[in-house]
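# Architecture at a glance
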Amino acid sequence: MPKPDGTMYAWERAELNGAKVRYDRAVDEVKRHPNSARIYQSLEKKAFADLMRITAKYAGCK
C-alpha cells in the first residue's frame, strides 16, 4: 500500500524497478538469440505479465 501522501515506499519502488529490469533483460535475450526465440519469448511473456501486475498494484502511486 502506498504512503498516505500517495508516494511509494522504497521497497515498492524496488519491486517495480526490478520488474522493469527483468522485462528488459528478457527482451534483450530474445534479440540476442534469434534462433532460439521461442524459448526466450515465453520468459518475456512471463516477465511482461509480472511487470503489468506490479504496475497495476502501484498504479495510484506517484
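This section reports on the structure supplied with the text. Note on numbering: residues in each chain are counted from 1, in written sequence order. Reporting of local features is limited, given that this is a predicted model, to residues whose pLDDT is at least 70; pairs of side-chain atoms are given and counted only at 80 or more, and all residues count toward the totals for whole chains, interfaces and linings. To get the side-chain values, all heavy atoms of the structure are used, and hydrogens and water are removed first.

Moving on, we come to the nonpolar core. We define a nonpolar core as any set of buried Ala, Val, Leu, Ile, Met, Phe, Trp, Tyr and Cys residues linked to one another through side-chain atoms lying within 4.5 Å. For each residue, the accessible area found with a 1.4 Å probe, counting protein chains only, is set against the maximum for its type, and the residue is called buried under 20%, exposed over 50%, and partly exposed in between. Among the nonpolar cores identified, the biggest contains 6 residues, and these are Met8, Leu16, Ala19, Leu51, Ile54 and Tyr58. Secondary structure elements follow DSSP: runs of H or I of four or more residues count as helices, runs of E of two or more count as strands, with numbering from the N terminus. Elements represented by at least two residues in this core include exactly helix H1 (10–32) and helix H2 (37–57). The residues touching leucine 51, leaving out its near neighbours within four places in the chain, are Ala19, Lys20 and Tyr23. Residue contacts follow a heavy-atom distance rule, with two residues in contact if any of their heavy atoms lie within 4.5 Å.

Let's shift gears to the pattern of salt bridges. Should their charged atoms come close, side chains of opposite charge can pair. Only one rule defines a salt bridge in this text: a Lys or Arg side-chain nitrogen within 4 Å of an Asp or Glu carboxyl oxygen. In the structure shown here, the tally under the stated rule is 4 salt bridges. Between lysine 57 and glutamate 15 there is a salt bridge, with its nearest N and O atoms 3.6 Å apart. Taken together, the positions of lysine 57 in helix H2 and glutamate 15 in helix H1 put the pair 42 residues apart, joining distant regions of the chain. Residue classification places lysine 57 among the partly exposed residues on the basis of a relative accessible area of 48%. Salt-bridge contacts for glutamate 29 lead to arginine 32; the nearest nitrogen and oxygen are separated by 2.7 Å. With glutamate 29 and arginine 32 both in helix H1 and 3 residues apart, the pair spans about one turn of that helix. With a relative accessible area of 23%, glutamate 29 lands in the partly exposed category. Under the relative-accessibility criterion, arginine 32 is labelled exposed at 53%.

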